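Geometric and topological summary
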Amino acid sequence: MKKSRILFAVVVLIAFLSSCKNESDNYIDPRGTDYAGSQSCIQCHQVQSESSFHNSHFKATSPATKENILGHFTNGSNTFVYDKDTKLVMEERNDSLYQILYKNGKEVEAHPFEVLFGTKHAQTSAFWQNHYTFELPISYYKSLNSWATSPGYSASKVNFERKIDKECYGCHSSNIASRYITTSSDSINFLNQEVEDFMNPKTLIYGIDCERCHGPAKEHVQKHLKFPDLKTAQNITSFKKLTRQQKIDACALCHSGNDKLKVKSRFEYKPGDDLLEYFRGVPGSNDSIHYDVHGNQLGLLAQSKCFKKSATMDCMTCHNPHENASQNLASYSKICMSCHKGIQHNATTLKTMPANLLAQNCVECHMPKQDSKAIRFQQSNSKTMSSYSLRTHKMAIYPNNKK
Ligand code: HEC
Ligand code: HEC
Ligand code: HEC
Ligand code: HEC
Ligand code: HEC
Ligand code: HEC
Ligand code: HEC
C-alpha cells in the first residue's frame, strides 16, 4: 500500500518535472534548489509582482545598464573637478560607462560602472576586480541632480581602493556568496573553506526579491502548479500568522542600522526567525539615543509614543511592502487619524495652520525631514558639505512644528 503510493508519487513527480521543463525553463537559483526565483511567481501573483518589480527594493542593487544608471554623461555635466590638474569624467565607451581619471589632461585610470546601489535619492556604483567590488569615488544625488563625492569620500583626493564588502550586499541584494569552492582538481586551496569577502559575481542576485522576504518558495511553487485548485497557501511562511515582533524583525533585518552581526551573514535570516539570534542587540526604545535617519527607521519608530503605546503598530501599518513609500503625504494622515480620531490641537498650533490643512499634514510636523549625520557629500569644486535628508520615524512634537 505505502510502497505503491510512493511509487505513484514518484511517477507523478517525474511526469510533472518533464512537463514543466519547457515552460518554466531550466532556471537555477544561486541560493540553491529550495529557491524558485521571482520570475516564477508572476503567473500566480501578478499584483504583487507588477508593483515589486519596479520598486526600490528590487532596485536596491542593479546591473549598470544605461536604463538603470542615473546621472549625466554629456559634456558640461559629466565632470568632477578635484583641483586644477585633476578631474574625473563620466564617459561612455563601447556601450559601457566609465569613471575616468585625468591628470593634466592625460588619462590615468578608468573603471567601469558595474553594480549600482540605489535609485530613490542617490546612486553609488561599484566595479569588479579580482573577486571584490570597489566603490566608484563619485555618486549621483537627486537632490542636486548632479554628481558629488560618494559618502565619506574626499573632494580633493581620488580613491578607487575602497571595497564594497558583503555587508552592503547583505542589505541591498538577495544573495552573494563569499564561499569559494574549487573543483576537486585543485582542492588544496579552498575546498569547502570559507574565504571572507571573497565574492563570486555569478552568485549575485540583484535587489531584494520575493524570496529574500518570504523565504525559499520552490516547494510552494511546485505544490500549487500541481494542485491549481488549492486556494490556501502551502509550504510558505504566512505573515498573517506571525507575531508583531516577527513582522517587525522581517523589516528590521535591514532597517535598524548596522548592528553587529552574530552570524556569518544577514542572508541566513528567514521570515519568522528571531532577530536576536542574528544580532547583538536590536534597537530598543531608549529615548536618549540619537539614531541616524538613514538606515534606522525602526530605531526611531521604537522611540515614539505611537509605537510604544499601541499594541499593533508595525511597518505595514503605513507601508505596503510591495510598493514604494507613498509620495502622497495626505494618505498617511488618514492612517494617523485611524488612531487619532478627533485630535484637537491647541489655539497656538491652529494659528500656524488652518484645521483643514492641518488634517492633511500630520507628517510634515510630526515626522519632519532631518539631515543624516552618516551620509554627507561634496560637490565638484566646493568646500561645503551637503547632507542627505530623510523623514524621521520618531513621531513626536517638535519645537519648530511649523510648515
Ligand atoms: C502556481 C501558482 C503559484 C505560484 C507559481 C506561486 N504561488 Fe504563492 N500562492 C499561491 C496560492 C494559490 C496562494 C494562496 C492564495 C493567495 O494568498 O493568493 C499563494 C499564497 C502566497 C503567499 C501568501 C501566504 C500567506 O498565507 O499569507 C505568499 C507570500 C506567496 N504565495 C509567495 C509566493 C512566491 C514568493 C512565489 C514565487 C517564488 C509564489 N508564491 C509562486 C499560488 C502560487
Ligand atoms: C534585505 C534588506 C531589506 C529588507 C528585509 C527590507 N528592506 Fe526595505 N529597503 C531596503 C533597502 C536597501 C532600501 C533602499 C533601496 C534603494 O532605494 O536603493 C529599502 C527601502 C525601503 C522603503 C523605501 C522605498 C521607496 O522608494 O520609497 C520602504 C518603505 C521599505 N524599504 C520598507 C520595508 C518594509 C516594510 C520591510 C519589511 C516588510 C522591508 N523594507 C524589508 C532593504 C530592506
Ligand atoms: C543595515 C542595512 C544596510 C547596509 C549594511 C547598507 N545599506 Fe544602504 N541603505 C539601506 C537602507 C534601509 C536604505 C534606504 C533608506 C534609508 O536611507 O534609510 C539605504 C540607502 C542606500 C542608498 C541610497 C538609495 C536610494 O535609492 O536613494 C545607497 C546609494 C546605499 N544605501 C548604498 C550602500 C552602500 C554602498 C553600502 C555599503 C557601504 C550600504 N548601502 C550599506 C540599508 C543598508
Ligand atoms: C520587502 C519584503 C517583501 C518583498 C520583497 C516581497 N514581499 Fe510579499 N509580502 C511581504 C510582507 C511583509 C507581506 C505581508 C503583508 C501584510 O501582512 O500586510 C507580504 C505579503 C505577500 C502576499 C500575500 C498577499 C498580500 O499581498 O498581502 C503575497 C502573495 C506576496 N507577498 C507575494 C510576493 C511576491 C510574489 C513578491 C515578489 C514579486 C513579494 N511578495 C515580494 C514582504 C515582501
Ligand atoms: C496604531 C495607532 C497609531 C497610529 C497609526 C498613529 N499613532 Fe500617534 N499615537 C498613538 C498612541 C497610542 C499614542 C500615545 C497617546 C497617549 O500617550 O495618550 C500616540 C501619540 C502620538 C503623538 C504624541 C507624541 C508625544 O510625544 O507626546 C503624536 C504627535 C502622534 N501620535 C502623531 C502621530 C502621527 C503624525 C501619526 C501618523 C504619521 C500617528 N501618530 C499614527 C497611536 C498611533
Ligand atoms: C505611522 C506611519 C509609518 C510607520 C509605522 C512606518 N513608516 Fe516608514 N514612512 C512613513 C512616512 C510618512 C514616510 C515618508 C514618505 C515620504 O516622505 O515620501 C516613510 C518613509 C519610509 C522610508 C523611505 C525613506 C525615504 O525618505 O526614502 C523607509 C525606508 C521607511 N519608511 C521604512 C519604514 C520601516 C522599515 C518601518 C517599520 C520599522 C516604517 N517605515 C514604519 C510612515 C511610516
Ligand atoms: C502645523 C503643524 C502640525 C500639524 C500639521 C499637525 N500637528 Fe499635531 N501637534 C502639533 C503641535 C505643535 C502639537 C503640540 C501642541 C498642540 O497640542 O497643539 C501637536 C500635538 C499633537 C498630538 C498630541 C496631543 C496631546 O494632547 O498630547 C497628537 C496626537 C497630534 N498632534 C497628532 C496630529 C495628527 C494626527 C495630525 C494630522 C491630522 C497632526 N497632529 C497635524 C503640530 C501639528
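The name recorded for the chain in an unreviewed UniProt entry is Doubled CXXCH motif domain-containing protein, from Flavobacterium psychroterrae.

A closer look at the site of ligand 7
Taken together, 17 residues surround ligand 7, and among them H345, T349, C362, C365 and H366 come closest. The separation between a nitrogen atom of ligand 7 and a polar side-chain atom of H345 is 2.8 Å. Listing elements by their share of the shell around ligand 7, those giving two or more residues are α9 (329-339), α10 (347-352) and α12 (362-366). Top contributing element to the shell around ligand 7 by residue count: α12, with three residues. Residues of the shell around ligand 7, tallied by class, amount to nine nonpolar, eight polar and no charged.

Points about the UniProt feature "domain: Doubled CXXCH motif" (unreviewed entry) in the chain
Mapped onto this structure's residue numbering, the UniProt feature "domain: Doubled CXXCH motif" (unreviewed entry) falls at residues 311-342. Helix makes up 34% of residues 311-342 and strand 0%, with an end-to-end C-alpha separation of 20 Å.

Remarks on the coordination of the iron atom of ligand 6
Of the protein atoms, only H319 (NE2) and H393 (NE2) coordinate the iron atom of ligand 6, at distances of 2.0 Å. Between the six donor atoms coordinating the iron atom of ligand 6, the angles at the centre fall across 88 to 180°, so the site counts as octahedral. Pair noted here: H319 is in the loop between α8 (305-309) and α9 and H393 is in the segment after β15 (385-391), with a separation of 74 residues, a long-range link. What makes H319 partly exposed here is its relative accessible area of 29%.

Conventions used here
Residues numbered from 1 in each chain as written. Chains lettered and ligands numbered in written order. Predicted model: local features only at pLDDT ≥ 70, side-chain atom pairs only at ≥ 80, totals over all residues. Heavy atoms only, no water. Near = heavy atom within 4 Å. Polar contact = N/O pair within 3.5 Å; in protein donor to acceptor, adjacent residues only side chain to side chain. Helix = DSSP H or I, 4+ residues; strand = E, 2+ residues; numbered from the N terminus. Nonpolar A, V, L, I, M, F, W, Y, C, P; charged D, E, K, R; others polar. UniProt positions renumbered as here; feature names shortened; annotations may be inferred. Donors = N, O, S within 2.8 Å, 3.2 Å for Na, K, Ca; no water. Tetrahedral: all angles 85-135°; square planar, octahedral: opposite > 155°, others 65-115°. Buried < 20%, exposed > 50% of the residue type's maximum accessible area, 1.4 Å probe, protein only.

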